[in-house]
Amino acid sequence: QVQLVESGGGSVQAGGSLRLSCAASGRTFSRHAMAWFRQAPGKDREFVANTDYSGSSTVYADSVKGRFTISRDNAKNTMYLQMNSLKPEDTAVYYCAAGAMRTMTSAYAYWGQGTQVTVSS
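No experiment lies behind these values; they were computed from the predicted model shown.

When you look at the sheet that holds strand E8 (residues 78–83) in this model, what are you seeing that I'm missing?
Strand pairing in a sheet relies on backbone hydrogen bonds. The paired strands run either parallel or antiparallel. Overall, antiparallel pairing links the 4 strands, which are arranged E1-E3-E8-E7 in an open sheet. The open sheet has two edge strands with one neighbour each: strand E1 (3–7) and strand E7 (68–73). Averaged over neighbouring strand pairs, the angle between their axes works out to 15 degrees when direction is ignored. Looking at chain direction, strand E3 (residues 18–25) and E8 are connected through 6 bridges and run antiparallel. Bridge pairing links Leu18 to Met83 in E8.

Looking at this model, I keep getting lost on the packing of aromatic side chains. Mind explaining?
The way to describe two aromatic rings as a pair is by their centre distance and the angle between their planes. In total, this model carries 4 aromatic pairs according to the counting rule given. Each ring, one from Phe37 and one from Tyr108, has its centre 5.4 Å from the other, and the planes form 75 degrees; the classification is edge-to-face. Residue Phe37 is located in strand E4 (residues 33–39), and its partner Tyr108 is located in strand E10 (residues 108–111); the two are separated by 71 residues in the primary sequence. Given a relative accessible area of 0%, Phe37 falls into the buried group.

Mind showing me how you'd approach the pairing of E4 here?
Successive residues of a regular strand alternate their side chains across the two faces of the sheet. Counting buried residues in E4 gives 6 out of 7 residues, a clear majority hidden from the surface. Both E4 and strand E9 (residues 92–99) contribute to a ladder of 7 bridges, which runs antiparallel. Each bridged residue has a counterpart across the sheet, and for Trp36 the counterpart in E9 is Cys96. Judged from the 5 bridges that link them, E4 and strand E5 (residues 46–51) form a sheet pairing that is antiparallel. Looking at E5, one finds that Trp36 is bridged to Ala49. The turn linking E4 back onto E5 is made up of 6 residues, and Gly42 within it adopts a positive phi angle of 75 degrees.

It is not clear to me how the state of the cysteines should be interpreted in this structure. Could you clarify?
Each disulfide consists of a covalent bond between the sulfur atoms of two cysteine residues. In this structure the tally under the stated criterion is 1 disulfide. A sulfur-sulfur distance of 2.2 Å marks the disulfide that ties Cys22 to Cys96. The disulfide joining Cys22 to Cys96 has a torsion of about 60 degrees about its S-S bond and is therefore right-handed. With Cys22 in strand E3 and Cys96 in strand E9, the pair connects residues that are 74 residues apart, well separated along the chain.

Please explain unusual backbone geometry as it appears in this structure.
With glycine set apart, most residues show a phi of negative sign, and most peptide bonds adopt trans. At Asn77, a position not held by glycine, the phi torsion is positive, near 55 degrees. By the element assignment, Asn77 lies in the loop between E7 and E8. Asn77 sits in the partly exposed class, given a relative accessible area of 28%. Phi is positive for Ser85, close to 50 degrees, though the residue is something other than glycine. By the secondary structure assignment, Ser85 is in the loop between E8 and E9.

What counts, and at which threshold
- Residues numbered from 1 in each chain as written.
- Predicted model: local features only at pLDDT ≥ 70, side-chain atom pairs only at ≥ 80, totals over all residues.
- Heavy atoms only, no water.
- Pairing = 2+ DSSP bridges.
- Helix = DSSP H or I, 4+ residues; strand = E, 2+ residues; numbered from the N terminus.
- Axes fitted to C-alpha atoms, helices over the stretch in contact; angles between N-to-C directions.
- Phe/Tyr/Trp six-rings, centres within 6.5 Å; stacked < 30°, edge-to-face > 60°.
- Buried < 20%, exposed > 50% of the residue type's maximum accessible area, 1.4 Å probe, protein only.
- Disulfide = S-S within 2.5 Å.

Dropping the structure here:
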């Protein structure tokens, strides 16, 4: 069983950067694929990026490719999302999740409560 807590959200101007963190508890953390999803007001939750158990394989949504970088440090039980060149359309609540190496929300059994990211123009 895994418990997840996001942090690092905030407000930034377009073109700026933020780094989100997801702290995990549970001895099986390193066995799970990890992912970031986001949800804007009135919109469906959408896939952002994920990484396999070792951090060797990664997948990015086309909308963030080249701007965001996902990573994990299993020794620290922490996953990160480095967000550069932020755009107003990146504004959303960002959620971390643990589960299978997929891009569907249904593939993830464990979710954090989310952290707000607001990008102003």
